[in-house]
Structure formats: C-alpha cells, structure tokens
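Remarks on the overall topology
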Amino acid sequence: MAAILDPIPTSDAKRPLFAGVDVGGTNIKLGIVDDAGRTLGRTSIPTEVEQGPEDAMKRARQGLDELLGQAGIGIDDIAAVGLGTPGTMDIPHGILLEPPNLPTWHHFP
C-alpha cells in the first residue's frame, strides 16, 4: 500500500478537485484530491453505527466542510464525489442495500 504524503497546498493542485468518502463499520474516511491524485486534505470520523445513517452522514458532511475550509475551497470547487461502502449498492437508485457491518443502514438512500 502506498504511503499517504502530507497534503499539498491548494495553490499547487491540478484542477478539477474530487472528494472521496469511505464508509466503514468503524470509521468514515474523507479526503480531497486533485486531478493528479494528490491529497489536499484527509480526515476520519467514527461511524457510530448505533446512531444511524442520518447522523453519520450529517457528521461526514461536517467533516468534509472542515476539510474544504482547511484547503480554502468551497463545495463548488469539487467536481465529483466518490463513495465506497461495504456490501452491495443499487447505484441507479442511490441506495445501500444490505451492508453486512451496518445493519441499521439497510436500504438507506
């Protein structure tokens, strides 16, 4: 696995910029990268499965907003967001089906 280097300054970033969200049973990892795949910022928050998916997504958005602020950019600077989740997704309908380690997230949009 490649080492994650320190974030690059936003002024050095090659546009467009992208956000990534990796939802796991223990943590949700968030990151912002440039078109060359270089990291502008990253963080991790606890999933807190027992609080439900709405709470986790609210906190994930707050984490993303903090990363954007640290990078000195806004949500409009993000060209696309990639989402990784456990289990199967119904991508055309935007629904998590039955993630095995997120039992309260079944059929969550």
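For the structure given in this document, a descriptive report is provided here. Here, residues in each chain are numbered from 1, in the same order as that chain's written sequence. Whole-chain, interface and lining totals are the exception, using all residues; otherwise, since this is a predicted model, local features are given only for residues with pLDDT of at least 70 and side-chain atom pairs are given and counted only at 80 or more. Only hydrogens and water are set aside; all other atoms, that is, all heavy atoms of the structure, feed into the side-chain values.

Whether two strands pair depends on DSSP finding at least two bridges between them. The helix and strand labels rest on DSSP assignments: H or I over at least four residues marks a helix, E over at least two residues marks a strand, and numbering proceeds from the N terminus. With mixed pairing, four strands are arranged side by side in an open sheet as β3-β2-β1-β4. Looking at which strands have only one partner, the edges of the open sheet turn out to be β3 (39-46) and β4 (78-84). Mean inter-strand twist for the sheet, computed between neighbouring axes without regard to direction, equals 15 degrees. Sheet topology places strand β2 (residues 27-33) next to β3; seven bridges connect them, and they run antiparallel. Note on β3: the bridge partner recorded for I28 is I45. Any two residues whose heavy atoms approach within 4.5 Å at even a single point are treated as in contact. Axis definition: a line fitted to C-alpha atoms, over the contacting stretch in the case of helices. Angles run 0 to 180 degrees between N-to-C directions. Sheet strands in contact with helix α1 (residues 53-71) are β1 (17-23), β2, β3 and β4, and its direction is about 30 degrees off that of β2.

In this structure, I28, I32, I73, I78 and W105 are the most contacted members of the largest nonpolar core, which totals 24 residues. Residue assignment for this core shows that the elements contributing at least two residues are β1, β2, β3 and α1. Of the residues forming this core, the biggest block, six residues, is contributed by α1. Not counting residues up to four positions away in its chain, the partners in contact with W105 are V23, T47, V49, G52, P53, A56, M57, L96, L97 and P99. In these notes, a set of buried Ala, Val, Leu, Ile, Met, Phe, Trp, Tyr and Cys residues joined through side-chain atoms within 4.5 Å is what counts as a nonpolar core. Exposure classes here rest on a 1.4 Å probe applied to the protein chains alone. A residue is buried below 20% of its type maximum, exposed above 50%, and partly exposed in between.

With that settled, consider the pattern of salt bridges. We define a salt bridge as a contact between a side-chain nitrogen of Lys or Arg and a carboxyl oxygen of Asp or Glu at a distance within 4 Å. Scanning all chains against the criterion turns up five salt bridges. D34 serves as the salt-bridge partner of R38, at 2.6 Å between the closest nitrogen and oxygen. Assessed through its relative accessible area of 34%, R38 is described here as partly exposed. A salt bridge links R59 to D55; the nearest nitrogen and oxygen atoms lie 2.9 Å apart. Placement of both R59 and D55 in helix α1 is noted, with a separation of four residues, approximately one turn of the helix. Here the residues in one salt-bridge network are E48, D55 and R59, joined through shared partners.

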